[in-house]
Amino acid sequence: MVQLIRKMWPLLVLGFLVNTAYSVMWPLTTIYLHGDLHLDLVQSGLILAAYSGCNVLGGYLGGVLTDRYSARRVGVGMLVGLILDAGAGFFWNGLIGYPIVLVIFGLLTGGMLTLITAMTAQLSHLDGRLFNLLYIFINVGLVVGTASIGVLYHGSLRPIFALLLGCYVLAAVLWAGHARHFEQQASHQAVYETAAKSSVASATPGRLSRVQLVVILLSLVFMWVTYAQWMSNVSVYIQNEGLGIKLYSTLWVYNGVLLIVVQALMAKFGRSKGLPWQILVGLVAIGSSFLLLSNLSGVVILFVAMTLLTIGEAIYVPGVPALINLYTVGNEGKYQGLVNAFSSLGKALGPVIGGVVIAQFSSFPMLFWLCAVVDGLIAAGFLVGVIAGLQKE
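All right, on to the overall build of the chain then. The helix and strand tally for the chain stands at 15 helices and 0 strands. Expressed as a percentage of the 393 residues in the chain, the buried residues total 52%. A separation threshold of at least 6 residues defines the contact pool for the chain, and within that pool the share at least 24 residues apart is 84%. Total accessible area on the chain stands at roughly 17,100 Å², and carbon and sulfur atoms take up 69% of it.

Packed helix pairs are specified by the crossing angle of their axes together with the interaxial distance, meaning the distance between the axes. Closest axis-to-axis distance for the helix α14 (residues 332-361)/helix α15 (residues 364-392) pair is 8 Å, and the angle between their directions is 135°. On the basis of their axis angle, the class for α14 and α15 is oblique. Crossing hand, α14 versus α15: right-handed. Note on element contacts: α15 touches α14 through Phe-364, Met-366, Leu-367 and Leu-370, opposite Gly-354, Val-357, Ile-358 and Phe-361. Per-class residue counts for the contact of α14 with α15 are 7 nonpolar, 1 polar and no charged.

This paragraph deals with helix α9 (residues 233-240). Restricting attention to buried positions, one finds in α9 the residues Asn-233, Val-234, Ser-235, Tyr-237 and Ile-238. Of the residues trailing α9, Gly-242 is marked for its positive phi of about 75°.

Viewed as axis vectors pointing N to C, helix α11 (residues 275-295) and α15 meet at an angle of 165°, and their least axial separation amounts to 8 Å. Considered as vectors, α11 and α15 are oriented roughly antiparallel to each other. Here α11 runs over α15; the crossing is left-handed. Here the contact of α11 with α15 is built from residues that sort into 21 nonpolar, 3 polar and 1 charged.

A separate point is a nonpolar patch on the surface. Taken together, the side chains of Leu-57, Tyr-60, Leu-61, Leu-65, Tyr-69 and Leu-107 define a hydrophobic patch exposed on the protein surface, amounting to about 520 Å² of accessible area. Looking at the nonpolar patch element by element, the count peaks at 4 residues for helix α3 (residues 41-68). Tracing the chain through its elements places Leu-61 in helix α3.

Note that Asn-139 resides in helix α6 (residues 129-152). The spatial distance from the C-alpha of Asn-139 to the C-alpha of Ile-260 is 7.1 Å, given a sequence separation of 121 residues. In this view, Asn-139 contacts Leu-259 and Glu-313; residues no more than four positions away in its chain are not counted. Within the structure, the side chain of Asn-139 is placed 2.8 Å from the backbone oxygen of Tyr-135, a separation counted as a polar contact.

Trp-230, Ile-324 and Phe-382 are the most contacted members of the largest nonpolar core, which totals 60 residues. With 11 residues, α15 is the largest single contributor of residues to this core. Excluding anything up to four places from it in sequence, Trp-230 contacts Tyr-248, Leu-251, Trp-252, Ser-289, Phe-290, Leu-293, Leu-302, Ala-305, Met-306 and Leu-309.

It is worth spelling out the side chain of Asn-93 at this point. Note on placement: Asn-93 falls in the loop between α4 (71-91) and α5 (97-123). There is a polar contact of 2.8 Å between the side chain of Asn-93 and the backbone oxygen of Gly-89. In this view, Asn-93 contacts Tyr-32, Leu-37, Tyr-98, Leu-157 and Phe-161; residues no more than four positions away in its chain are not counted.

As a further point, take the confidence of the model for the chain. Residues of the chain with pLDDT of at least 70 account for 88%, and the chain-wide mean is 83. Across residues 196-204 the pLDDT falls below 50, and counting only partners more than four positions away or on other chains, this stretch makes 4 contacts in the model.

Next up on the list: the environment of Lys-347. Tracing the sequence through the fold places Lys-347 in helix α14. When its relative accessible area of 31% is taken as the criterion, Lys-347 is described as partly exposed. Counting along the chain gives 120 residues from Lys-347 to Tyr-227, while the straight-line C-alpha distance between them is 7.9 Å. Beyond its immediate sequence surroundings of up to four residues, Lys-347 is in contact with Trp-224, Ala-228 and Met-231.

The tally for this structure, following the rule as stated, stands at 9 aromatic pairs. With a centroid separation of 6.5 Å and 15° between ring planes, the pair formed by Tyr-22 and Phe-105 is classed as stacked. Note that Tyr-22 is positioned in helix α1 (residues 2-25) and Phe-105 in helix α5, a separation of 83 residues in sequence. With respect to burial, Tyr-22 and Phe-105 carry one shared label: buried.

Structurally, Ser-70 can be placed in the loop between α3 and α4. Overall, the relative accessible area of 26% leaves Ser-70 in the partly exposed class. For the pair Ser-70 and Ala-179, spaced 109 residues apart in the sequence, the C-alpha separation amounts to 9.4 Å.

Definitions and cut-offs
Residues numbered from 1 in each chain as written. Predicted model: local features only at pLDDT ≥ 70, side-chain atom pairs only at ≥ 80, totals over all residues. Heavy atoms only, no water. Helix = DSSP H or I, 4+ residues; strand = E, 2+ residues; numbered from the N terminus. Buried < 20%, exposed > 50% of the residue type's maximum accessible area, 1.4 Å probe, protein only. Contact = heavy atoms within 4.5 Å. Areas by Shrake-Rupley, 256 points an atom, 1.4 Å probe, with all protein chains shown as cover. Axes fitted to C-alpha atoms, helices over the stretch in contact; angles between N-to-C directions. Parallel < 35°, antiparallel > 145°, perpendicular 65-115°, else oblique. Left-handed = near helix turned anticlockwise from the far one by under 90°. Nonpolar A, V, L, I, M, F, W, Y, C, P; charged D, E, K, R; others polar. Patch = residues over 30% accessible without salt bridge, like charges linked within 9 Å, V, L, I, M, F, W, Y side chains within 5 Å. Salt bridge = Lys/Arg side-chain N within 4 Å of Asp/Glu carboxyl O. Polar contact = N/O pair within 3.5 Å; in protein donor to acceptor, adjacent residues only side chain to side chain. Core = buried A, V, L, I, M, F, W, Y, C linked by side-chain atoms within 4.5 Å. pLDDT = per-residue confidence, 0-100. Phe/Tyr/Trp six-rings, centres within 6.5 Å; stacked < 30°, edge-to-face > 60°.

This is the structure in structure tokens:
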């Protein structure tokens, strides 16, 4: 694992920098739109919908562009765009400026994260450990980004955009200096795999059918719809239980630390052969966290549920792009773009659907029970629609 980090550190650090910037912006959006710009919840919701839609579109377009053009040029172009966007946000973050900056940020960030995932896919066929390492660095970025908010944000967005500018300038320098080397490595990898296919046909995985691919992508949407409840409505649940928002923050710090530990173990021991079962176990663990919350309450239960959620996330989330990559050689950008786009769609829909359920039933246990059922159905569909077909091959 250490050798892999030494070899791929520029790509891993790039993922860290881009996700740090992303993780600083998205938690502030609702607070700033509603609390500082004094927009009502409907207006804020429309802006967030536009942002989420652009994030989904950017994820898909980033993948298509990476397949058709030089990844180095596409990446530099998007990072320059993000630098200009952050610079505009530093000076222009009022009622008109901030929504425009936010929408552009969503589009370019979605594209950049897809490019990083696509390059990881091109470099890691038949070995999913690089995905696990990338996920570790991305989650370190998540922890650093969210922790930075309390230090930097005191009513002004200028320190936030200054941090974004620093991240993007470093990322642009890093990518411009190392992207060509990664493109050459990816080209050599493709040649090696083509030779391996012709000489050892029995060792080459098959391809995912259209039905299998649809099942996997839909599992991403619905999993993130349920997971998003932890990022939104669980905070309200904790406050209603009289436990305080500090506990909610502590739970996410625990989530970040545990993710890094589990992913470090996965990167050391994980192999491609067990990816379908890894994904299934991850889905069951995520569903179990909601099943626990639907029946029990209290601080200990919240930490146990977060443990199940984190373990499930740590083995499911990097497992999906690694599985798709293993069974879809070629057009990595397109397929990884679909992974990011469908994930973003689930994250966007989750808080809205959760809010509707709570408004309809006035019951958090009902919301958690429905999430457990949804994750259970996803797991069953994945077992029948994906694993069964791969076992036949």
